[in-house]
Each structure stands twice: as C-alpha cells, then as structure tokens.
Amino acid sequence: MLQITNLHVNVEGEEILKGLNLSVSPGELHAIMGRNGSGKSTLANVIAGHDKYKIQSGEILYDGKDLSEMSPEDRSLSGIFMSFQYPVAIPGVNNTYFLKAALNAQRKHRGEEEMDAMDFLTFIKEQMKKVEMGESYLRRAVNEGFSGGEKKRNEILQLLALEPRLAVLDETDSGLDIDALKIVAHGVNNFRRDDRAIVVITHYQRILQHMEPDVIHVLLDGRIAKTGGKELAMELEEKGYSWLEEEAAAD
Amino acid sequence: MTPKLDTVKSLTEQEYKYGFVTDIEQETFPPGLNEDVVRALSAKKKEPEWLTEWRLKAYRHWLKMEEPTWPNVHYNPVDYQAISYYSAPKSQADGPQSLDEVDAELLETYNKLGIPLEEQKLLAGVAVDAVFDSVSVATTFKSELKKHGVIFSSFSEAVQNHPELIQKYLGTVVPSTDNFFAALNAAVFSDGSFVYIPKGVRCPMELSTYFRINASNTGQFERTLIVAEEGSHVSYLEGCTAPMRDENQLHAAVVELVALDDAEIKYSTVQNWYPGDKDGKGGIYNFVTKRGACRGKNSKISWTQVETGSAITWKYPSCILQGDNSMGQFYSVALTNNYQQADTGTKMIHLGKNTRSTIISKGVSAGFGQNSYRGMVKIMKGAENARNYSQCDSLLIGDKCGAHTFPYIDVRNPSAQMEHEASTSTIDEDQIFYCNQRGISTEDTISMIVNGFCKEVFRELPMEFAVEAQKLLEVSLEGSVG
C-alpha cells in the first residue's frame, strides 16, 4: 500500500530524512519510534503533503501512485489520513460543520451520496461514543479551547468518521494521561481492519502496550536504524536510544 | 514563496459575475452641475417650490464645502462637472402600472441577477420597489401594504402624493448641509424610496429595494426616508449589484430613518456594487450617509450591512439615541479584495437616559484590499446610564492586505458603561493544510472560515438575505477566498 524508497527530505533547507525506506501493507500496524529531531514528524508531514517538507530524492508510492504528484486534498480523498501532533484551532467554524464538510467531501469523492444534517448527527454521535466525547463538543469551534487530550480524541474521531485506508498518527499519544491514552488506543484498535494500514509515530512505547503492532522501526537521524517486533519497543524502553546510536556508529 | 500566497493570488482572480450592461433608451442630462441643472432636475420631477429651494440651498452650501480627506482611502479626484445628474428609462414616461408593462429587457436584467421580481413576490412575499437608473419602474404589493396604511413608494411619487410627510421629515436626520456628499445628494438626488409605517402597525412584509447602477457616467444619488410612527415596526432590505464598467462611478446616497416612541426599524443591506477589476481599474465610489434617529422613548434602530462591492466604500450608518431607553445596533461585514478600499463603521450618539448601543464589526481583507473600521461612541451629558458594547474583528487573508481600526470614544457622563473588544486574525497555512488533509478544498476552507467569522452578523439578517449574503461572500472570495 505504502512504499517509500530512499527518501531524502529537506525542511527549510536542512536535510531531515536521509534515505528512508519503509513498506507498509494492508492490515498492518507499524510503529515508528525515535527521539525528538530524528525525523518522525517530517515523515508524517511529507506523506500528507505539507509543502514545507521538500522531497529531494527518492519516492513515496501509494497504491503504486507517486504521491509527490498529488495535492494534500487529493491524498486525503484517496484515503490517506494524518492525525496531527498539534491540531490547529479554527475559530468561528463549528465542529459539526467542519466534520460534515470533511465527511461529505470524502463521500462525494467515493461517489456516495452526501449526508444530510440529520443523518450526519446520528452518525457522528455514534462515533463520538467510541472516543467518549460529550455532545457539547459539537457546538464548539474546531479545536478552539480544547485541552491536549480533547484535541487528540478529536483527531481519532475524525479517523473513525472519515474511514481512510492509510492512517498516519503523529504522536497521537503525547500529552495524554493514562485514561485518555486508553481511549485513543481503543479508538485506533476499533479502526483497524484487514484492508487498512496504520502507521503510529511515537516517542514512547506505552501506547503500544494497548495496541498490537506488527512491526516496530526505530528512526535515527533520518533513517530507519532498526526494525523488529514488539519486543524491540520493550528493549528501547529499558535501554533508551543510545545503544542504537553506538551500533549505528560502529557500522 | 508560501503556498498561501499562490492560493490567494489564484483565488483573487475571480471576475465580477454580474458584469453586463442593459441597453435601455436613456433620457439623460448632459454632464455638468450648476443651479440651472438643479432647477431643471426639480422641474422634471414636478417638485413643489419648497423642495426646489431646499435643493438650491444645499447646492449653494455644497459649493463652499471641501471633499473630506480624512477617510483612509485613496482615489483620483472626482470631476463633478463630468457627471450627468439625471437619467431615466424612457418607458417611465408612460408610467408602467404593472409588471407586464415593465421593459422586458429590464426584467431580463433582474433575471440575470437571479432576482426575478415575479418569483420574489410569489415565493418570498417581499414587496419590491426596484430602483433602476434613478427611477422606480416597478412597485409591487402596494395594495396589501395599503390595507395596513403602509406607504412604500418611490421618493418622487411620495413628493407628489404625500408632500406634507416629506416636508415634515426630509433632512431632519441628515441635514442638507451635513457633509460634502450629503449636501451634493440633497441638491441633485434623483429618486429613492419612501416608507411610512402608521401608528401601531407592524409592517406585514419585509420591504425590499434592489438598487442598480446602469447608465454610464451617471452619478447615482438615491435618497431614502423611512418614518416609523409610534409603536410601529418595519424591516427594510436594500441590496444591489451593478454592471461591469471601466470608468469610476460615483454613488452618494443618503438614508434617513426616524423611529418614534416604541417604534422599531431594522435596516439590512447587502451591497455588491462593481468593485473594479483585479488590477483595481474601475469600480464604484460608494460615499453614503446613513443615519437613524431614535426620536421616541423605547425606540430601536438596527443597521445590518454586508459590504462586498465598490472600489471605495465610505459609509457610517449611525444612530442618534435621543429617546430614553432607546437602542441602536450596528452589525457589519465589510470585505475588501483586490484593490478595494473600505472605510466604514458607525456613530452612536447617546442623548437619552438608559440608551444602549451595540456595535459588531467584521472586516475581511484579501488581495491588496484595505479595510478600516471607524467608529464613534459619544455619550452626552444627559445620557444617564448609557451603555455601549463594541466589538471589532479583522480577518486577513494573505499578506498584501491591511486592516485598520479607528475607534473614537467621547464620554461626558460618568455613569456610562463602555466595553470595547478588538481582534485581528489571519487564515494561516496550517489551517488550510489541516482542512486540505481532511479532503476540504482550499476555497471551501476559506469560505468556511470567513462564514464562521461573520456569522454573528449573518444571524441578524433576514433569512433569505442571509443566504444571499453568504453566497455573495463566497463569490467575492471565490477567487479570492473561496
């Protein structure tokens, strides 16, 4: 589904990704771990198509198509979803309106009928239960005055509502207390299906305790330094990242 | 270069949708202005002598006045001698009695604008007094209004049929010598609307006038007078579009509102004069004086405006809160795109006790647009317990536009309570990217944000007008905002 080959990416003139390779198939859940500054968020943003992130060489294929040819909204409409590390507030625009606009953009693209206001409310309230959000949230402006936890739950709500095929979750666990973390992880598990792939980008392994990752990658200085199973996360938790740096240096 | 700029650039290149010219035989004065022109105009309209004198007095005063330079707008000087001061469709001479008699081409023009008169009166229950090139050519729903004693007619007709009312109220809110443009209007006003709501009557329908500039080089000098007698209520809608033109056109209207005891006037405007092309060429100069007097106790005047058109807008719908417990409101959305300039706001003059005023101003700037809010709240000595709440918000789209705020506050009574809030925000790349990532296009994103920003004002508009306003904003920003 997602095939990244020898990817080099610059942000404001500085090279952040330095030859990254990654292959994700439908049904899989990949975790990408690494320190601050290792290039985790860059990876998420370059997949979503933020234009601050410039591809210098290498390619990203999604269903065989070159993503660099596609605008951010086309990527979204073709099934790529990114959960933002810092979701922006959009004052004045209420959540219901925003979610409905997003959902109907997706439905229209899929050739489905747009949902009317009544059907949408019924639908979104169902989804909100899964991430334990109160209905008052629908009347508030998008992410405005939301706590960190509310913002992240809102991201997962959108994931559930929009039903993408590839979900990239950028530090969705950061800033969450243990209860919120469980809710978010539960939401992601709910979303998981054989025809969908998930890439979880995280700092810590604790969210992975609530999920079943198939593969864990460690990102180090713009490259995947190590790939392994769930046990790799535990090892990192115990030993930190420095042993990997030493290993990489020894190579 | 950020993507936002490219986006804004491509968006701002939307062309004016309503640009077309109707060819109707015009009877037009040659350009130029002097006392003879004023007399001829007055004679053409068969006005009583007192009105001719009133015009002449205004004209003589105007000669001594200087065009104001304090607004934060820039334009080439207007040559008042190059303007023709009278123009009327010839068919008006015969006086159409019903829509059937109205020039088919004119009706077609309305159709192009999406405002078919027939449909409107049937579907919306709105009586339309259509002002086309200075003379009203179609008035509907008159009989229904007549049943309630409501007078809703062109200004010229009212001068003929109700001279005593005109004489009693004309110029009592905006004196003929008030300011440069008001004086010019007083001297040469061509036509406009007159509304009179008798004591205790709640006007059974919303009254609506569509203004439209059509003749080339014809200055438009509309004059509207609305009088709401004791305990009456009226909602008046004013909307307009204009055809595409290269030369600048001057539009200097005057609107006077009088609300007596317990009366309420709600005046809503959707203004869409031709704004000029994307290089700032052409477009209407819209220099308007609008003022309402809350003369009676417990009276209320509410101005709601959505200003998306005109090359230059200079407009301050104001309220004089004379009656005790009277209330003034001003809700405004002003949008400037490309090279449009707007200097708009309000004045709230508190004279009576317990008077209250609310100001909600939303300025949206895109392209190279410059948007200024200019407002004055004045609490006079006798205005015990006066209260004002002002809120001025600006939204910037792109980094070539500007927003400016000039609030003036003058309080002469210590019991006054004043609140003022102001904010400036931008639509930033991250918001656009966030929405794009959810599959929402950039145009839809901007339109969604702008509509959200303006909703406190849209809420004040009558339903069908709110929809129109929203559409208009979308069109104005579609290439500029979405």
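Draft legend 1. The overall build of chain A, seen in detail. When its secondary structure is counted, chain A shows 8 helices and 12 strands. With respect to the principal axes defined by its C-alpha atoms, chain A has extents near 60 × 40 × 35 Å. When burial is assessed residue by residue, chain A has 54% of its 251 residues classed as buried. Counting only contacts in chain A whose residues sit at least 6 apart along the sequence, the fraction spanning at least 24 positions is 68%. Total accessible area computed for chain A in this model is approximately 10900 Å², and 45% of it derives from carbon and sulfur atoms. Across chain A, the centroid of the 29 positively charged side chains sits 4 Å from that of the 41 negatively charged ones.

Draft legend 2. Structural context of the interface of chain A and chain B. Listed per partner, the contact involves 31 residues of chain A and 18 residues of chain B. Approximately 2000 Å² of surface area, both sides summed, lies buried where chain A meets chain B, with 64% of it carried by carbon and sulfur atoms. The largest share of the area that chain A buries against chain B comes from Glu73, Phe84 and Val88 of chain A, three residues that together contribute 24% of it. For the pair chain A and chain B, the interface holds 1 salt bridge. On the surface where chain A and chain B come into contact, there are 13 residue pairs in polar contact (both at pLDDT 80 or more).

Draft legend 3. Representation of a negative patch on the surface within the structure. On the surface, Glu113, Glu114, Asp116 and Asp119 of chain A cluster together to form a negatively charged patch. Relative to the elements of secondary structure, Glu114 of chain A occurs in the loop between helix 3 (95-109) and helix 4 (117-130).

Draft legend 4. Quick peek at the confidence of the model for chain A. Counting all residues, the mean pLDDT for chain A is 92, and 100% of those residues have values of 70 or more. Mean pLDDT per element in chain A: helix 8 (residues 242-250) of chain A is the minimum at 77, and strand 6 (residues 80-83) of chain A is the maximum at 97.

Draft legend 5. Here's a closer look at the packing of aromatic side chains. All names here are of chain B. Counted according to the given criterion, the structure contains 25 aromatic pairs over all chains. Ring centres of Tyr85 and Phe221 lie 5.5 Å apart, and the angle between their planes is 20°; on these two criteria the pair is classed as stacked. Of this pair, Tyr85 sits in the loop between helix 3 (49-63) and strand 2 (87-89) while Phe221 sits in the loop between strand 7 (207-212) and strand 8 (222-228), and the two are 136 residues apart along the sequence. You can call Phe221 buried: its relative accessible area is 1%. Ring centres of Phe181 and Trp314 lie 5.2 Å apart, and the angle between their planes is 70°; this geometry places the pair in the edge-to-face category. Of this pair, Phe181 sits in helix 9 (residues 180-188) while Trp314 is found in strand 15 (residues 312-315), placing the two residues 133 residues apart along the sequence. Considered together, Phe181 and Trp314 belong to a single accessibility category, that of buried residues. One aromatic cluster is present, formed by Tyr59, Trp62, Trp70, Tyr75, Tyr80, Phe180, Phe181, Tyr285, Phe287, Trp314 and Tyr316 through successive ring pairs.

Draft legend 6. Main features of the sheet that holds strand 2 (residues 14-24) of chain A. All names here are of chain A. If you trace the 4 strands from one edge of the open sheet to the other, you get 2-1-4-5, paired in antiparallel fashion. Of all the strands in the sheet, just strand 2 and strand 5 (65-66) have a single pairing partner and so form its edges. Two strands pair when backbone bridges link them, and strand 4 (residues 53-62) and strand 5 are joined in this way by 2 bridges, in the antiparallel orientation. The partner of Leu61 across the bridge, within strand 5, is Asp66.

Draft legend 7. Layout of unusual backbone geometry. The phi dihedral of Glu163 of chain A falls on the positive side, at around 50°, and the residue is not glycine. As for its placement among the helices and strands, Glu163 of chain A is situated in the loop between helix 5 (148-162) and strand 9 (166-170). You can call Glu163 of chain A partly exposed: its relative accessible area is 40%. The backbone of Asn354 of chain B shows a phi angle near 55°, a positive value even though the residue is not glycine. Mapped onto the secondary structure, Asn354 of chain B falls in the loop between strand 18 (341-350) and strand 19 (356-365).

Draft legend 8. Representation of helix 4 of chain A. All names here are of chain A. Taking 1.5 Å of rise per residue, the 14 residues of helix 4 would be expected to cover 20 Å, and the 20 Å separating its terminal C-alpha atoms lies within 8% of that figure. Each element contacted by the buried residues of helix 4 is listed here: helix 3 and helix 5. Its side-chain oxygen placed 3.1 Å from the backbone nitrogen of Met118, Asp116 serves as the N-cap of helix 4. Phi turns positive, to about 55°, at Glu132, one or two residues after helix 4.

Draft legend 9. Examining the pairing of strand 3 (residues 29-33) of chain A more closely. Residues and elements named next belong to chain A. By the criterion of burial, strand 3 is predominantly enclosed, with 5 of the 5 residues buried. What you see with strand 3 is no split at all: Leu29, Ala31 and Met33 on one side and His30 and Ile32 on the other are buried throughout. Looking at chain direction, strand 3 and strand 10 (residues 197-202) are connected through 5 bridges and run parallel. In the sheet register, Met33 faces strand 10, and the bridge partner there is Thr202. In this sheet, strand 11 (residues 215-220) lies alongside strand 3 in parallel orientation, the contact comprising 4 bridges.

Draft legend 10. Summary view of the environment of Glu222 of chain B. Residues and elements named next belong to chain B. Relative to the assigned elements, Glu222 resides in strand 8. Classification of Glu222 as buried rests on a relative accessible area of 3%. Linking Glu222 and Ser447, residues 225 residues apart in sequence, is a C-alpha distance of 32 Å.

Draft legend 11. The arrangement of the packing of helix 3 of chain A against helix 4 of chain A in detail. Residue and element names in this part refer to chain A. As a packed pair, helix 3 and helix 4 sit with axes 11 Å apart at the nearest point and diverge in direction by 100°. If you check the angle between helix 3 and helix 4, you find them roughly perpendicular. Contacts between helix 3 and helix 4 involve Thr96, Leu99, Lys100 and Leu103 from the former and Ala117, Phe120, Leu121, Phe123 and Ile124 from the latter. The residue makeup of the contact of helix 3 with helix 4, split by class, is 7 nonpolar, 1 polar and 1 charged.

Draft legend 12. Region of interest: the side chain of Lys152 of chain A. All names here are of chain A. Structurally, Lys152 is set in helix 5. Buried charge without a partner: Lys152 forms no salt bridge, and the closest opposite charge is Asp173, 6.4 Å away. Looking at Lys152, its side chain comes within polar contact range of the main-chain oxygen of Gln85, at 3.4 Å. Of the polar contacts made by the side chain of Lys152, one reaches the side chain of Ser174; its length is 3.2 Å. Once you skip the residues sitting within four places of it in the chain, Lys152 turns out to touch Phe84, Gln85, Pro87, Glu171, Thr172, Ser174 and Leu176.

About the cut-offs
Residues numbered from 1 in each chain as written. Chains lettered and ligands numbered in written order. Predicted model: local features only at pLDDT ≥ 70, side-chain atom pairs only at ≥ 80, totals over all residues. Heavy atoms only, no water. Helix = DSSP H or I, 4+ residues; strand = E, 2+ residues; numbered from the N terminus. Buried < 20%, exposed > 50% of the residue type's maximum accessible area, 1.4 Å probe, protein only. Contact = heavy atoms within 4.5 Å. Areas by Shrake-Rupley, 256 points an atom, 1.4 Å probe, with all protein chains shown as cover. Lys, Arg positive; Asp, Glu negative; His and termini not counted. Charge placed at Lys NZ, Arg CZ, Asp CG, Glu CD. Buried area = accessible area lost by both parts, 1.4 Å probe. Salt bridge = Lys/Arg side-chain N within 4 Å of Asp/Glu carboxyl O. Polar contact = N/O pair within 3.5 Å; in protein donor to acceptor, adjacent residues only side chain to side chain. Patch = residues over 30% accessible without salt bridge, like charges linked within 9 Å, V, L, I, M, F, W, Y side chains within 5 Å. pLDDT = per-residue confidence, 0-100. Phe/Tyr/Trp six-rings, centres within 6.5 Å; stacked < 30°, edge-to-face > 60°. Pairing = 2+ DSSP bridges. Expected span 1.5 Å × (residues − 1). Axes fitted to C-alpha atoms, helices over the stretch in contact; angles between N-to-C directions. Parallel < 35°, antiparallel > 145°, perpendicular 65-115°, else oblique. Nonpolar A, V, L, I, M, F, W, Y, C, P; charged D, E, K, R; others polar.

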